[in-house]
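Structural overview for review
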Amino acid sequence: MFRESTFGADAKVATSLRVQPKDFKFSERISKHRNIVSLYDLSPCIMLDCYIAPNATVIGEVVIEEGTSIWYGAVIRGDINKVNIGKYCSIGDNTVIHTAGSLPTGIPASVNIGDNVWIQSNCTLYSCDISDTVVIGHKSVILEGARLEHGCAIGPNSVVPPGRIIPANQLWAGNPVEYVRDLGKAELQQIAHTLKQNNTKLREHKFEFLPYNSAYLQKENEPEDLKVSADELRGSFEYTHDAVVAKTSKGEIY
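Residues numbered from 1 in each chain as written. Predicted model: local features only at pLDDT ≥ 70, side-chain atom pairs only at ≥ 80, totals over all residues. Heavy atoms only, no water.

On to the pattern of salt bridges, then. In this structure the tally under the stated criterion is four salt bridges. Across the pair R203 and D49 runs a salt bridge whose closest N-O atoms are separated by 3.5 Å. You can see R203 sitting in helix 2 (residues 185–207) and its partner D49 sitting in the loop between strand 4 (45–46) and strand 5 (51–52), a full 154 residues away along the chain. A residue is classified by how much of its surface remains accessible, and R203, at 46% relative accessible area, is partly exposed. Across the pair E187 and R181 runs a salt bridge whose closest N-O atoms are separated by 2.8 Å. (Salt bridge = Lys/Arg side-chain N within 4 Å of Asp/Glu carboxyl O. Helix = DSSP H or I, 4+ residues; strand = E, 2+ residues; numbered from the N terminus. Buried < 20%, exposed > 50% of the residue type's maximum accessible area, 1.4 Å probe, protein only.)

Quick look at the structure:
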């Protein structure tokens with residue numbers, strides 16, 4: 001992998017010469033990014049059926065249950081207190097989850113996220129408690145000590161103040177959040193359906209990051225693929241024939 005950067009001095013020179021700064025770059029041949037990082041004696045615990053995007057980062061004491069996806073650019077920091085993420089959750093792109101050292105109320109300052117929770121992109125969660133089947137809209141902020149109860153939803157661009165409790169099966173939105181309306185059964189079922197689709201998408205992305213490249217599976221056959229010269233065909237046959245004869249003489253093939 002390569003990372004291109006621009007020196008500040010070169011950028012000034014480029015400006016004075018009316019040349020674009022991109023003309024002055026260097027490359028690092030090795031990416032220093034690690035998406036799963038242990039800190040001191042704290043190591044992430046991640047179930048096998050999860051998907052951690054290549055440029056996401058999971059640090060310290062973090063527990064991620066099965067079927068959960070951590071999407072591109074997300075950062076989960078269990079460096080101060082523990083972060084627990086339940087089953088079949090979706091942590092959206094560029095979302096940040098981190099913890100405080102302690103809370104003035106005396107309750108644990110960890111982050112606890114239940115099962116089937118959908119956190120959309122660019123959110124920030126800070127030492128809060130999220131129950132099961134919760135939706136948090138894009139660019140929302142959940143501050144320390146807040147609790148989101150089962151089946152509730154937070155609208156996009158919302159801020160949940162410290163210590164606020166959001167009741168079950170309700171939609172809240174705004175900065176700070178205010179009650180909007182109750183959620184119906186159909187809307188709660190739609191949340192479960194969306195997370196089920198996300199689980200299928202998780203597997204597709206995870207498949208692309210196997211130890212071997214799978215792009216050949218999508219490649220269409222071309223006429224050149226079917227053209228084999230007589231010499232290549234003869235050489236392949238002779239190699240196979242000699243190998244079979246050698247193994248037969250050793251008693252490996254009957």
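The discussion continues.
So, about the packing of aromatic side chains. Taken as a whole and assessed by the stated rule, the structure comprises four aromatic pairs. A ring pair is formed by W172 and Y179, whose centres lie 6.2 Å apart and whose planes are at 75°; its orientation type is edge-to-face. Classification of W172 by relative accessible area gives buried; the value is 13%. Given a relative accessible area of 44%, Y179 falls into the partly exposed group. Joined through ring pairs, the aromatic side chains of Y51, W71 and Y72 make up one cluster. (Phe/Tyr/Trp six-rings, centres within 6.5 Å; stacked < 30°, edge-to-face > 60°.)

This part covers unusual backbone geometry. N175 connects to P176 through a cis peptide bond whose omega is -5°. Its place among the elements puts P176 in the loop between strand 21 (170–173) and strand 22 (178–182). Positive phi, normally seen in glycine, also occurs at Y88, with a value near 55°. Tracing the backbone through its elements, the reader meets Y88 in the loop between strand 8 (75–85) and strand 9 (90–91).

Bringing the environment of N112 into the picture now. Positionally, N112 belongs in strand 11 (residues 111–113). The partly exposed category is assigned to N112, whose relative accessible area is 28%. Counting along the chain gives 49 residues from N112 to V63, while the straight-line C-alpha distance between them is 9.8 Å. Beyond its immediate chain neighbours, meaning those up to four positions away, N112 contacts N84, C128, D129 and I130. Among the polar contacts listed, one links the side chain of N112 to the side chain of S110, at a separation of 3.2 Å. (Contact = heavy atoms within 4.5 Å. Polar contact = N/O pair within 3.5 Å; in protein donor to acceptor, adjacent residues only side chain to side chain.)

For the rest of this paragraph, the subject is the side chain of Q170. Residue placement: Q170 occurs in strand 21. The residues contacting Q170, other than those within four sequence positions of it, are G151, C152, A153, Y179, R181, D182 and L183.

Where strand 18 (residues 153–154) and strand 21 come together, two bridges link them in parallel fashion. Bridge pairing links I154 to W172 in strand 21. When strand 21 meets strand 22, the two strands line up antiparallel, connected through four bridges. Considered in strand 22, the bridge of W172 is made with Y179. Where strand 21 folds back on strand 22, the antiparallel hairpin that results is connected by four residues, among which G174 adopts a positive phi of roughly 115°. (Pairing = 2+ DSSP bridges.)

Okay, the environment of L48 next. Position of L48 relative to the elements: it lies in the loop between strand 4 and strand 5. For the pair L48 and T68, spaced 20 residues apart in the sequence, the C-alpha separation amounts to 9.9 Å.

The next point concerns the sheet that holds strand 15 (residues 135–136). Two modes of strand pairing occur in sheets, parallel and antiparallel, and in both the strands are linked by backbone hydrogen bonds. The eight strands are arranged 5-7-9-12-15-18-21-22 in an open sheet whose pairing can be described as mixed. In the strand order of this sheet, the two ends are held by strand 5 and strand 22, each with one partner. Bridging between strand 12 (residues 118–119) and strand 15 involves two bridges; their strand directions are parallel. Counterpart to I119 in the pairing with strand 15 is I136.

Interpretation in functional terms is not warranted from these geometric data alone.
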